[in-house]
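Residue-level structural notes
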Amino acid sequence: MTIQETKDYRDKNEISLQLFAFLVRSSDSCHIIRCKMLMLSSQLIFVTLFFFASLTIQAKEVELTRMISDIEKQQSTPGRKQNAIAMGKERAVLCNQCHGVDGNSRKKGVPNLAEQNPVYLLDQIEKFADGRRKNYVMNALSKNFTRDDKENLAIFYASMKVNVTKTNTRLAKKGQPIYKALCGSCHGEKGAGQANYARLAGQQIHYIETTLRQFRDNSKNKSKVIKRRSVIMEPIANGLSDDDIKSLAAYLAQLK
Ligand code: HEC
Ligand code: HEC
(Lines give C-alpha, C1' and ligand atoms only; values in the text may rest on other atoms or scores of the structure.)
(Ligands and ions follow the chains in the order given, each with its own letter.)
Protein backbone atom coordinates (compact mmCIF):
# COMPACT_ATOMS: atom_id res chain seq x y z
CA MET A 1 0.00 0.00 0.00
CA THR A 2 1.49 3.33 -1.04
CA ILE A 3 0.77 6.78 0.31
CA GLN A 4 -1.35 7.47 -2.79
CA GLU A 5 -3.30 4.23 -2.31
CA THR A 6 -3.91 5.20 1.30
CA LYS A 7 -5.23 8.58 0.16
CA ASP A 8 -7.52 6.85 -2.35
CA TYR A 9 -8.88 4.64 0.44
CA ARG A 10 -9.43 7.71 2.60
CA ASP A 11 -11.39 9.37 -0.21
CA LYS A 12 -13.51 6.25 -0.52
CA ASN A 13 -14.13 6.35 3.23
CA GLU A 14 -15.20 9.97 2.96
CA ILE A 15 -17.88 8.87 0.48
CA SER A 16 -18.82 6.01 2.81
CA LEU A 17 -19.34 8.45 5.69
CA GLN A 18 -21.67 10.55 3.56
CA LEU A 19 -23.61 7.43 2.59
CA PHE A 20 -23.89 6.53 6.26
CA ALA A 21 -25.26 9.98 7.12
CA PHE A 22 -27.81 9.50 4.33
CA LEU A 23 -28.90 6.15 5.82
CA VAL A 24 -29.35 7.76 9.26
CA ARG A 25 -31.41 10.58 7.76
CA SER A 26 -33.56 8.14 5.78
CA SER A 27 -34.18 6.03 8.85
CA ASP A 28 -35.33 9.13 10.80
CA SER A 29 -37.85 9.98 8.13
CA CYS A 30 -38.99 6.38 7.92
CA HIS A 31 -42.15 5.75 9.92
CA ILE A 32 -43.17 2.23 8.96
CA ILE A 33 -41.55 -0.20 11.42
CA ARG A 34 -40.27 -2.61 8.71
CA CYS A 35 -38.66 0.22 6.87
CA LYS A 36 -37.02 1.42 10.10
CA MET A 37 -35.66 -2.08 10.84
CA LEU A 38 -34.21 -2.32 7.34
CA MET A 39 -32.48 1.02 7.70
CA LEU A 40 -31.10 0.16 11.13
CA SER A 41 -29.69 -3.16 9.97
CA SER A 42 -28.03 -1.51 6.95
CA GLN A 43 -26.47 0.99 9.36
CA LEU A 44 -25.14 -1.83 11.51
CA ILE A 45 -23.60 -3.70 8.56
CA PHE A 46 -22.14 -0.43 7.37
CA VAL A 47 -20.48 0.41 10.69
CA THR A 48 -18.96 -3.10 10.91
CA LEU A 49 -17.54 -2.98 7.38
CA PHE A 50 -16.23 0.52 7.92
CA PHE A 51 -14.50 -0.52 11.14
CA PHE A 52 -12.65 -3.44 9.49
CA ALA A 53 -11.70 -1.35 6.45
CA SER A 54 -10.16 1.30 8.74
CA LEU A 55 -8.14 -1.36 10.56
CA THR A 56 -6.66 -2.65 7.27
CA ILE A 57 -5.77 0.85 6.12
CA GLN A 58 -4.13 1.65 9.44
CA ALA A 59 -2.10 -1.60 9.39
CA LYS A 60 -0.86 -0.86 5.85
CA GLU A 61 0.01 2.74 6.67
CA VAL A 62 1.99 1.55 9.70
CA GLU A 63 3.77 -1.07 7.58
CA LEU A 64 4.86 1.47 4.94
CA THR A 65 6.02 3.98 7.57
CA ARG A 66 7.99 1.20 9.26
CA MET A 67 9.69 0.23 5.98
CA ILE A 68 10.69 3.83 5.28
CA SER A 69 12.09 4.35 8.77
CA ASP A 70 13.92 0.96 8.76
CA ILE A 71 15.65 1.80 5.48
CA GLU A 72 16.53 5.30 6.76
CA LYS A 73 17.94 3.83 9.98
CA GLN A 74 20.14 1.33 8.11
CA GLN A 75 21.58 4.22 6.08
CA SER A 76 21.73 6.80 8.87
CA THR A 77 25.55 7.05 8.90
CA PRO A 78 28.07 6.34 6.08
CA GLY A 79 29.43 3.44 8.18
CA ARG A 80 26.01 1.82 8.64
CA LYS A 81 25.22 2.26 4.96
CA GLN A 82 28.52 0.65 3.86
CA ASN A 83 27.86 -2.22 6.24
CA ALA A 84 24.34 -2.73 4.85
CA ILE A 85 25.69 -2.67 1.27
CA ALA A 86 28.39 -5.26 2.13
CA MET A 87 25.88 -7.57 3.83
CA GLY A 88 23.41 -7.13 0.96
CA LYS A 89 26.10 -7.99 -1.59
CA GLU A 90 26.86 -11.19 0.31
CA ARG A 91 23.17 -12.19 0.26
CA ALA A 92 22.90 -11.34 -3.46
CA VAL A 93 25.04 -14.33 -4.56
CA LEU A 94 21.89 -16.25 -5.46
CA CYS A 95 20.48 -13.33 -7.41
CA ASN A 96 23.47 -12.55 -9.67
CA GLN A 97 22.69 -15.21 -12.24
CA CYS A 98 19.53 -13.38 -13.27
CA HIS A 99 19.80 -9.81 -11.97
CA GLY A 100 23.58 -9.45 -12.66
CA VAL A 101 26.36 -8.79 -10.10
CA ASP A 102 25.67 -5.05 -10.28
CA GLY A 103 21.85 -5.27 -10.46
CA ASN A 104 21.76 -4.96 -14.26
CA SER A 105 19.66 -7.79 -15.64
CA ARG A 106 21.29 -10.57 -17.62
CA LYS A 107 18.12 -12.15 -18.98
CA LYS A 108 15.16 -11.06 -21.05
CA GLY A 109 12.17 -10.41 -18.82
CA VAL A 110 14.23 -10.04 -15.64
CA PRO A 111 14.09 -6.49 -14.22
CA ASN A 112 17.10 -4.32 -13.43
CA LEU A 113 17.36 -3.73 -9.69
CA ALA A 114 20.24 -1.21 -9.87
CA GLU A 115 19.35 2.34 -8.73
CA GLN A 116 15.82 1.22 -7.86
CA ASN A 117 14.27 2.91 -4.78
CA PRO A 118 15.10 0.81 -1.71
CA VAL A 119 11.61 1.10 -0.17
CA TYR A 120 10.05 -0.15 -3.43
CA LEU A 121 12.53 -3.07 -3.56
CA LEU A 122 11.86 -4.03 0.06
CA ASP A 123 8.09 -3.86 -0.49
CA GLN A 124 8.32 -6.14 -3.56
CA ILE A 125 10.55 -8.68 -1.78
CA GLU A 126 7.98 -8.75 1.06
CA LYS A 127 5.22 -9.27 -1.52
CA PHE A 128 7.10 -12.22 -3.07
CA ALA A 129 7.76 -13.64 0.40
CA ASP A 130 4.09 -13.66 1.45
CA GLY A 131 2.74 -14.60 -2.00
CA ARG A 132 0.96 -11.34 -2.91
CA ARG A 133 3.22 -11.23 -5.99
CA LYS A 134 3.86 -14.47 -7.85
CA ASN A 135 6.99 -15.80 -9.51
CA TYR A 136 8.19 -19.34 -8.80
CA VAL A 137 11.89 -18.56 -8.17
CA MET A 138 11.29 -15.23 -6.46
CA ASN A 139 8.68 -16.71 -4.07
CA ALA A 140 11.05 -19.52 -3.05
CA LEU A 141 14.09 -17.26 -2.57
CA SER A 142 12.33 -14.47 -0.66
CA LYS A 143 10.86 -16.82 1.95
CA ASN A 144 14.29 -17.63 3.37
CA PHE A 145 15.40 -14.10 4.14
CA THR A 146 15.14 -12.31 7.47
CA ARG A 147 13.88 -8.73 7.61
CA ASP A 148 17.52 -7.52 7.90
CA ASP A 149 18.55 -9.55 4.82
CA LYS A 150 15.72 -8.00 2.80
CA GLU A 151 16.61 -4.47 3.87
CA ASN A 152 20.32 -5.00 3.14
CA LEU A 153 19.55 -6.45 -0.30
CA ALA A 154 17.35 -3.42 -1.08
CA ILE A 155 20.06 -0.96 0.03
CA PHE A 156 22.75 -2.85 -1.91
CA TYR A 157 20.83 -2.80 -5.22
CA ALA A 158 19.73 0.82 -4.74
CA SER A 159 23.41 1.83 -4.47
CA MET A 160 24.36 0.31 -7.88
CA LYS A 161 24.19 2.23 -11.19
CA VAL A 162 21.72 1.21 -13.87
CA ASN A 163 22.96 0.74 -17.48
CA VAL A 164 20.75 2.57 -19.92
CA THR A 165 20.11 0.85 -23.29
CA LYS A 166 19.63 2.34 -26.76
CA THR A 167 16.15 1.92 -28.16
CA ASN A 168 14.18 2.82 -31.30
CA THR A 169 14.31 6.64 -31.49
CA ARG A 170 10.98 7.02 -33.28
CA LEU A 171 9.15 4.95 -30.64
CA ALA A 172 10.95 6.68 -27.76
CA LYS A 173 9.86 10.08 -29.13
CA LYS A 174 6.27 8.87 -29.25
CA GLY A 175 6.48 7.60 -25.67
CA GLN A 176 7.71 10.85 -24.11
CA PRO A 177 4.46 12.89 -24.25
CA ILE A 178 2.39 9.91 -23.06
CA TYR A 179 4.74 9.49 -20.11
CA LYS A 180 4.63 13.19 -19.24
CA ALA A 181 0.81 13.25 -19.36
CA LEU A 182 0.03 10.03 -17.52
CA CYS A 183 2.98 8.79 -15.47
CA GLY A 184 5.35 11.56 -14.38
CA SER A 185 3.24 12.68 -11.42
CA CYS A 186 4.04 9.45 -9.54
CA HIS A 187 7.15 8.01 -11.20
CA GLY A 188 8.88 11.40 -11.39
CA GLU A 189 9.57 13.73 -14.30
CA LYS A 190 12.76 11.83 -15.10
CA GLY A 191 11.42 8.39 -14.18
CA ALA A 192 13.45 8.14 -10.96
CA GLY A 193 10.34 7.34 -8.87
CA GLN A 194 10.09 8.03 -5.13
CA ALA A 195 9.73 5.87 -2.00
CA ASN A 196 7.28 3.18 -3.05
CA TYR A 197 6.79 4.42 -6.63
CA ALA A 198 9.11 2.35 -8.82
CA ARG A 199 12.01 3.88 -10.71
CA LEU A 200 11.32 3.29 -14.41
CA ALA A 201 14.26 5.12 -16.05
CA GLY A 202 16.69 2.59 -17.54
CA GLN A 203 14.41 -0.39 -16.83
CA GLN A 204 14.51 -3.37 -19.22
CA ILE A 205 12.32 -2.72 -22.25
CA HIS A 206 10.84 -6.23 -22.37
CA TYR A 207 10.07 -6.21 -18.63
CA ILE A 208 8.23 -2.86 -18.82
CA GLU A 209 6.15 -4.10 -21.76
CA THR A 210 5.15 -7.37 -20.09
CA THR A 211 4.41 -5.67 -16.77
CA LEU A 212 2.16 -3.02 -18.33
CA ARG A 213 0.35 -5.70 -20.36
CA GLN A 214 -0.17 -7.71 -17.16
CA PHE A 215 -1.69 -4.71 -15.35
CA ARG A 216 -3.91 -4.01 -18.38
CA ASP A 217 -5.08 -7.63 -18.69
CA ASN A 218 -5.90 -7.75 -14.96
CA SER A 219 -8.00 -4.61 -15.31
CA LYS A 220 -9.96 -6.15 -18.18
CA ASN A 221 -10.30 -9.53 -16.41
CA LYS A 222 -8.29 -11.16 -19.18
CA SER A 223 -5.36 -12.57 -17.16
CA LYS A 224 -5.24 -16.35 -17.00
CA VAL A 225 -3.01 -16.20 -13.93
CA ILE A 226 -2.80 -13.05 -11.82
CA LYS A 227 0.83 -12.57 -10.86
CA ARG A 228 0.58 -9.14 -9.37
CA ARG A 229 -2.16 -6.69 -8.42
CA SER A 230 -2.09 -2.92 -8.12
CA VAL A 231 -5.21 -0.84 -7.49
CA ILE A 232 -3.34 2.15 -8.88
CA MET A 233 -1.62 0.74 -11.98
CA GLU A 234 -4.49 -1.40 -13.27
CA PRO A 235 -6.92 1.44 -14.12
CA ILE A 236 -4.03 3.45 -15.60
CA ALA A 237 -2.88 0.57 -17.83
CA ASN A 238 -6.51 -0.13 -18.83
CA GLY A 239 -6.50 2.77 -21.28
CA LEU A 240 -3.13 1.99 -22.97
CA SER A 241 -2.98 0.54 -26.50
CA ASP A 242 -0.26 -1.94 -27.57
CA ASP A 243 1.38 0.91 -29.43
CA ASP A 244 1.33 3.16 -26.32
CA ILE A 245 2.95 0.36 -24.29
CA LYS A 246 5.72 -0.20 -26.86
CA SER A 247 6.40 3.55 -27.08
CA LEU A 248 6.45 4.01 -23.30
CA ALA A 249 8.86 1.09 -22.86
CA ALA A 250 11.17 2.41 -25.61
CA TYR A 251 11.15 5.86 -23.99
CA LEU A 252 11.80 4.60 -20.45
CA ALA A 253 14.53 2.04 -21.21
CA GLN A 254 16.77 4.74 -22.73
CA LEU A 255 15.96 7.41 -20.10
CA LYS A 256 18.90 8.44 -17.89
C1 HEC B 1 16.04 -17.41 -11.96
C2 HEC B 1 16.14 -15.97 -12.10
C3 HEC B 1 16.04 -15.09 -10.85
C4 HEC B 1 16.79 -15.16 -9.69
C5 HEC B 1 17.86 -16.16 -9.35
C6 HEC B 1 16.36 -14.02 -8.88
N7 HEC B 1 15.39 -13.31 -9.52
FE8 HEC B 1 14.44 -11.63 -8.83
N9 HEC B 1 13.23 -11.63 -10.45
C10 HEC B 1 13.28 -12.55 -11.48
C11 HEC B 1 12.18 -12.29 -12.40
C12 HEC B 1 11.86 -13.07 -13.67
C13 HEC B 1 11.46 -11.19 -11.87
C14 HEC B 1 10.20 -10.56 -12.45
C15 HEC B 1 9.03 -11.38 -12.00
C16 HEC B 1 7.73 -10.95 -12.62
O17 HEC B 1 7.39 -9.78 -12.60
O18 HEC B 1 7.04 -11.84 -13.11
C19 HEC B 1 12.17 -10.80 -10.65
C20 HEC B 1 11.78 -9.71 -9.86
C21 HEC B 1 12.48 -9.26 -8.76
C22 HEC B 1 12.16 -8.06 -8.01
C23 HEC B 1 11.08 -7.05 -8.33
C24 HEC B 1 11.68 -5.92 -9.15
C25 HEC B 1 10.68 -4.92 -9.67
O26 HEC B 1 11.11 -4.03 -10.40
O27 HEC B 1 9.50 -5.01 -9.34
C28 HEC B 1 13.05 -7.99 -6.98
C29 HEC B 1 13.13 -6.91 -5.92
C30 HEC B 1 13.93 -9.14 -7.08
N31 HEC B 1 13.56 -9.90 -8.18
C32 HEC B 1 14.96 -9.43 -6.21
C33 HEC B 1 15.73 -10.60 -6.27
C34 HEC B 1 16.69 -10.97 -5.27
C35 HEC B 1 17.02 -10.14 -4.04
C36 HEC B 1 17.21 -12.19 -5.64
C37 HEC B 1 18.21 -13.03 -4.91
C38 HEC B 1 17.87 -13.38 -3.57
C39 HEC B 1 16.59 -12.57 -6.91
N40 HEC B 1 15.68 -11.57 -7.25
C41 HEC B 1 16.87 -13.70 -7.64
C42 HEC B 1 14.22 -13.55 -11.66
C43 HEC B 1 15.14 -13.94 -10.72
C1 HEC C 1 -0.92 7.46 -9.17
C2 HEC C 1 0.46 7.04 -9.22
C3 HEC C 1 0.95 6.30 -10.46
C4 HEC C 1 0.83 6.72 -11.78
C5 HEC C 1 0.17 7.97 -12.32
C6 HEC C 1 1.52 5.70 -12.57
N7 HEC C 1 2.04 4.74 -11.75
FE8 HEC C 1 3.11 3.11 -12.34
N9 HEC C 1 3.21 2.44 -10.43
C10 HEC C 1 2.64 3.06 -9.34
C11 HEC C 1 2.80 2.22 -8.17
C12 HEC C 1 2.32 2.52 -6.77
C13 HEC C 1 3.50 1.07 -8.60
C14 HEC C 1 3.88 -0.16 -7.75
C15 HEC C 1 2.79 -1.19 -7.84
C16 HEC C 1 3.02 -2.36 -6.90
O17 HEC C 1 2.89 -2.16 -5.69
O18 HEC C 1 3.35 -3.45 -7.37
C19 HEC C 1 3.73 1.24 -10.02
C20 HEC C 1 4.40 0.31 -10.80
C21 HEC C 1 4.68 0.48 -12.15
C22 HEC C 1 5.47 -0.43 -12.94
C23 HEC C 1 6.17 -1.68 -12.45
C24 HEC C 1 7.59 -1.31 -12.05
C25 HEC C 1 8.46 -2.48 -11.70
O26 HEC C 1 9.65 -2.27 -11.50
O27 HEC C 1 7.96 -3.59 -11.65
C28 HEC C 1 5.52 0.07 -14.21
C29 HEC C 1 6.25 -0.51 -15.42
C30 HEC C 1 4.76 1.30 -14.20
N31 HEC C 1 4.25 1.52 -12.93
C32 HEC C 1 4.58 2.11 -15.31
C33 HEC C 1 3.76 3.23 -15.32
C34 HEC C 1 3.44 3.97 -16.52
C35 HEC C 1 4.03 3.68 -17.90
C36 HEC C 1 2.58 4.95 -16.16
C37 HEC C 1 1.87 5.94 -17.06
C38 HEC C 1 1.12 5.38 -18.19
C39 HEC C 1 2.38 4.86 -14.71
N40 HEC C 1 3.10 3.79 -14.25
C41 HEC C 1 1.60 5.73 -13.96
C42 HEC C 1 2.02 4.31 -9.32
C43 HEC C 1 1.70 5.05 -10.46
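Basis of the calculations
Residues numbered from 1 in each chain as written. Chains lettered and ligands numbered in written order. Predicted model: local features only at pLDDT ≥ 70, side-chain atom pairs only at ≥ 80, totals over all residues. Helix = DSSP H or I, 4+ residues; strand = E, 2+ residues; numbered from the N terminus. Buried ≥ 20, exposed ≤ 12 C-beta atoms within 10 Å, placed from the backbone. Contact = placed C-beta atoms within 7 Å. Near = placed C-beta within 6 Å. Nonpolar A, V, L, I, M, F, W, Y, C, P; charged D, E, K, R; others polar. Expected span 1.5 Å × (residues − 1). Axes fitted to C-alpha atoms, helices over the stretch in contact; angles between N-to-C directions. Parallel < 35°, antiparallel > 145°, perpendicular 65-115°, else oblique. pLDDT = per-residue confidence, 0-100. Left-handed = near helix turned anticlockwise from the far one by under 90°.

**As for the overall build of the protein**
A count of helical and extended segments in the protein gives 12 helices and zero strands. In sequence order, the secondary structure elements of the protein are arranged as α-α-α-α-α-α-α-α-α-α-α-α. Looking at the protein residue by residue over its 256 residues, the buried ones come to 28%. Taking all contacts inside the protein whose residues are at least 6 apart in sequence as the whole, residues at least 24 apart take part in 70%.

**Some details on the site of ligand 2**
Taken together, 21 residues form the shell around ligand 2, and within it Leu182, Cys183, Cys186, Ala198 and Ser230 come nearest. Looking at the shell around ligand 2, the elements with two or more residues in it are α9 (184–187), α10 (205–219) and α11 (233–238). Residue classes in the shell around ligand 2 are distributed as 13 nonpolar, seven polar and one charged.

**As for the site of ligand 1**
Around ligand 1 there are 20 residues in total, and Cys95, Cys98, Pro111, Asn135 and Val137 lie nearest to it. Only α4 (96–99), α5 (118–130) and α6 (136–143) provide two or more residues apiece to the shell around ligand 1. Of the residues assigned to the shell around ligand 1, the class counts are 14 nonpolar, five polar and one charged.

**Side note on α5**
Along its 13 residues, α5 runs 18 Å from first to last C-alpha, staying within 8% of the 18 Å computed at 1.5 Å per residue. Among the residues making up α5, those that are buried are Pro118, Val119, Tyr120, Leu121, Leu122, Asp123, Gln124 and Phe128. A positive backbone phi angle near 85 degrees is found at Gly131, which sits one or two residues after α5.

**Points about the packing of α5 against α6**
Interhelical geometry of α5 versus α6 gives an angle of 95 degrees and a closest axis separation of 7 Å. Viewed along their axes, α5 and α6 adopt a mutual orientation that is roughly perpendicular. Along its contact with α5, which presents Ile125, Phe128 and Ala129, the element α6 presents Met138, Asn139, Ser142 and Lys143. A per-class count over the contact of α5 with α6 returns four nonpolar, two polar and one charged.

**So, the confidence of the model for the protein**
Overall, the prediction assigns the protein a mean pLDDT of 88, with 85% of residues at 70 or greater. pLDDT under 50 marks residues 1–7. Its contacts with residues more than four places away, or in other chains, come to 14 contacts.

**Quick look at the packing of α10 against helix α12 (residues 242–253)**
As a packed pair, α10 and α12 sit with axes 9 Å apart at the nearest point and diverge in direction by 140 degrees. As for how α10 packs across α12, the hand of that crossing is right-handed. Between α10 and α12, the residues in contact are Ile205, Ile208, Glu209, Leu212 and Arg213 and Ile245, Lys246, Leu248, Ala249, Ala250, Leu252 and Ala253, respectively. Here the contact of α10 with α12 is composed, by residue class, of nine nonpolar, no polar and three charged.

**Some points on unusual backbone geometry**
Positive phi, close to 35 degrees, is recorded for Ala195, a residue that is not glycine. Looking at the secondary structure, you find Ala195 in the loop between α9 and α10. One non-glycine residue, Asn221, lies in the positive phi region at around 55 degrees. One can find Asn221 in the loop between α10 and α11.

**Quick look at the environment of Asn238**
Mapped onto the fold, Asn238 is located in helix α11. Taking the C-alpha atoms as reference points, Asn238 and Lys220, separated by 18 residues in sequence, lie 7.0 Å from one another. When sequence neighbours within four positions are dropped, the list of residues in contact with Asn238 reads Arg216, Ser219 and Lys220.

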